[in-house]
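Given next are the chains, with one letter for each unit.
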Amino acid sequence: IQAPRPQEDAISRDERLTRLAAVKESFHHSWEGYKKNAWGHDEIKPISGQYKDPFGGWAATLVDTLDTLWLLGLKDEFETAVKACDEIDFTTTKAQDINVFETTIRYLGGFLAAYELSDKQYPSLLNKSTEVADLLLTAFDTPNRMPIPRFNWRDYVRGRAQRAPTTVLLAEIGSLSLEFTKMSQLTGNMQYFDAVQRIYDELEAAQSSTRLPGMWPILVDASTSPMNFKGDGFSLGGMSDSAYEYLPKQYLLLGGSLEQPRKMYEQFIDVAEKHLLRRALHQGNLPIRFFGDAHVSKPPNAEAIVVTTPRTQHLTCFVGGMVGMAAKIFNRPQDLEVAAELTDGCIWSYSGTPSGIGPEIFFYIPCEKNDCEWSDIRVSNVVSSAFSCA
């Protein structure tokens, strides 16, 4: 699915190698700071140099960095880190609740990535993956087998009855498939895949009956059977993002043997492009687009009303890659242009700031394809109108 390798002249090569060296130096600085001040803890505070443990206190940075160490060719550092990971005790934590989503992507994903990138030379990495996966499976021990995103492990140990909550973020419950599926592929134990496949079956069954058919709301009720998807807010940004991102990747991970992820992707992306995707007015008149947020109201005995807000997030910048990947693997060539314009939009959000760092959240001025020419007077009128409405 990759683009052809670009032709590189001497100047471009020098620039690439300079950037590569800067990335390595930046990593080295961060890694040495973590080793010196926060070894064995989740994170280092960049200003004070102290540490904090927001992810269970199981050395999240250590595990999350394993694949980077390998990719940068730091084998001695990698092996030291692997030995340190052997000492992590996943049977206990000072945290009241275990964040299932974060534990899955950081710990389970971290171990699995390092295990495969290192050509499976370090069996202890798969052993630690199994420890984490088995811990996470206890969060699925509910009447409808839907996981508890903020899992009170002490209550579980005491034998108290569990139930998935009535308010769950879509991303938290919909972004567990890749890691659990890979666990089943590597171990041959199908209980991991079975756990996340039940979630996909729920998502698929409800996809056509939400307030915005094709998409799922940001907030869902996971306590019922079937789950309740009656929320009215829809987005590809934070709290929803990776639930959509995982669909084409799950299809690839399964080698195309299961059509479900493809069908779910194709059903959602057309709806998202219709209701959330807008071209943005831009001073350079470049064709850039963003996915905004949508709110759907359903008056009694009337058709649903979809109101799109031209607000996007830095977290939504993954969408260009997702759309481009899916355009290739699902044979949707018309989406490659959309993917490029989405990516160009995020690049613009960086280059348009004094610091060169893109904003976490920002608003844009939507326009139609044939009426998207920049005009200072036009923009002034739009801004004045927005302030008067506020």
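Above this text sits the structure in question.
Here goes a summary of the coordinates provided. From a predicted model like this one, the values you see are computed outputs, not experimental measurements. (Residues numbered from 1 in each chain as written. Predicted model: local features only at pLDDT ≥ 70, side-chain atom pairs only at ≥ 80, totals over all residues. Heavy atoms only, no water.)

**A closer look at the sheet that holds strand β10 (residues 293–297)**
Reasoning step 1: Judged by pairing direction, the sheet is antiparallel, and its three strands sit side by side in the order β7-β10-β11 without closing on themselves. The sheet is open, and its two borders are formed by β7 (233–234) and β11 (305–309), each paired with just one other strand.
Reasoning step 2: With five bridges joining them, β10 and β11 adopt antiparallel strand pairing. Looking at β11, one finds that V296 is bridged to V306. (Pairing = 2+ DSSP bridges. Helix = DSSP H or I, 4+ residues; strand = E, 2+ residues; numbered from the N terminus.)

**A few points about the state of the cysteines**
Reasoning step 1: Scanning all chains against the criterion turns up two disulfides.
Reasoning step 2: Residue C317 pairs covalently with C346 via a disulfide, S to S 2.1 Å. Between C317 and C346, the S-S dihedral sits near -105°, and the bridge is therefore left-handed. With a gap of 29 residues between them, C317 in the loop between β12 (311–313) and α13 (319–329) and C346 in helix α14 (residues 335–351) connect regions that are remote in the sequence.
Reasoning step 3: A residue is classified by how much of its surface remains accessible, and C317, at 24% relative accessible area, is partly exposed.
Reasoning step 4: Numbered in order of appearance, the disulfide-bonded cysteines of the chain are paired 1-2, 3-4. (Disulfide = S-S within 2.5 Å. Buried < 20%, exposed > 50% of the residue type's maximum accessible area, 1.4 Å probe, protein only.)

**Describing the packing of helix α11 (residues 241–253) against α13**
Reasoning step 1: Where α11 meets α13, the closest approach of the two axes is 10 Å, and the angle between their N-to-C directions is 35°. Both α11 and α13 take part in a crossing whose hand is left-handed. In contact with Y244, E245, P248, K249, Y251 and L252 of α11, α13 contributes M322, M325, A326 and I329. (Axes fitted to C-alpha atoms, helices over the stretch in contact; angles between N-to-C directions. Left-handed = near helix turned anticlockwise from the far one by under 90°. Contact = heavy atoms within 4.5 Å.)

**What to know about the pattern of salt bridges**
Reasoning step 1: One pass over the full model with this rule turns up 21 salt bridges.
Reasoning step 2: Of the charged contacts in the structure, one is a salt bridge between R332 and D335, with a shortest N-O distance of 2.7 Å.
Reasoning step 3: The class of R332 is buried, set by a relative accessible area of 8%.
Reasoning step 4: Connected via shared salt-bridge partners are E32, K35 and E77. (Salt bridge = Lys/Arg side-chain N within 4 Å of Asp/Glu carboxyl O.)

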